[in-house]
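Single-letter residue listing:
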Amino acid sequence: KNHNTFARASPVKNDDFLAAMGRPSRENVIIERENQSNLRQAMELTNGGTLNETLNKGAKRWLEKYNDSDKIITDIYFKALGRKPNDKEYKVAKEMLGKTPQENTVQDFLWAVVLLPEFQLIN
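Just so it is clear, the structure is predicted and the values come from calculations on it, not from any experiment.

Across the interface, helix α3 (residues 49–65) lies against helix α4 (residues 69–81) with an axial gap of 11 Å and an inter-helix angle of 125 degrees. When the interaxial angle is binned, α3 and α4 end up oblique. The chirality of how α3 crosses α4 is right-handed. On the side of α3, the interface is formed by W62, L63 and K65, while α4 contributes I72, D75, I76 and K79.

Okay, here's the thing in structure tokens:
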């Protein structure tokens, strides 16, 4: 399976998450998107089903790849933010994951990283 292929977004079905994040229907042409977040986006990011399902799948994959908190922390920070965690971030993440990471703790950690302003485009 080639993981380096790119798919066009147009054939992907528009779901609640994508609509909340500002993706228009295929029939509408827009030249500019809102750059201010709104309540609907906040609700999708805090308790939306699509994000929760994606983070759950991600947590399973990270645990299959690494069953080591240190590797999970450093690799997720590098892949998501392009950098290593600072000392404070590392300490908090280590406390969150514990010595033996579990699926639910990895999912919570992924959620925390995704909600960082550094990960999102926030003006």
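The rest of the description comes next.
Here we come to the environment of K57. When you line up the elements, K57 lands in helix α3. K57 gets classed as exposed once you look at its relative accessible area, which sits at 52%. Between the C-alpha atom of K57 and that of E103, which follows or precedes it by 46 residues, the distance is 9.4 Å.

Right, let's get into the side chain of S69. As for its placement among the helices and strands, S69 is situated in helix α4. Ignoring sequence-local partners within four residues, the contact set of S69 consists of K94, L97, G98, K99 and P101.

What helix α2 (residues 39–47) keeps buried is the set Q41, E44 and L45. Down the axis of α2, the smallest arc covering the buried residues is 95 degrees, so these residues share one side. Residues of α2 that are exposed and angled more than 90 degrees away from the buried face: L39 and N47.

Calculation notes
- Residues numbered from 1 in each chain as written.
- Predicted model: local features only at pLDDT ≥ 70, side-chain atom pairs only at ≥ 80, totals over all residues.
- Heavy atoms only, no water.
- Axes fitted to C-alpha atoms, helices over the stretch in contact; angles between N-to-C directions.
- Helix = DSSP H or I, 4+ residues; strand = E, 2+ residues; numbered from the N terminus.
- Parallel < 35°, antiparallel > 145°, perpendicular 65-115°, else oblique.
- Left-handed = near helix turned anticlockwise from the far one by under 90°.
- Contact = heavy atoms within 4.5 Å.
- Buried < 20%, exposed > 50% of the residue type's maximum accessible area, 1.4 Å probe, protein only.
- Arc of directions from axis to C-beta.

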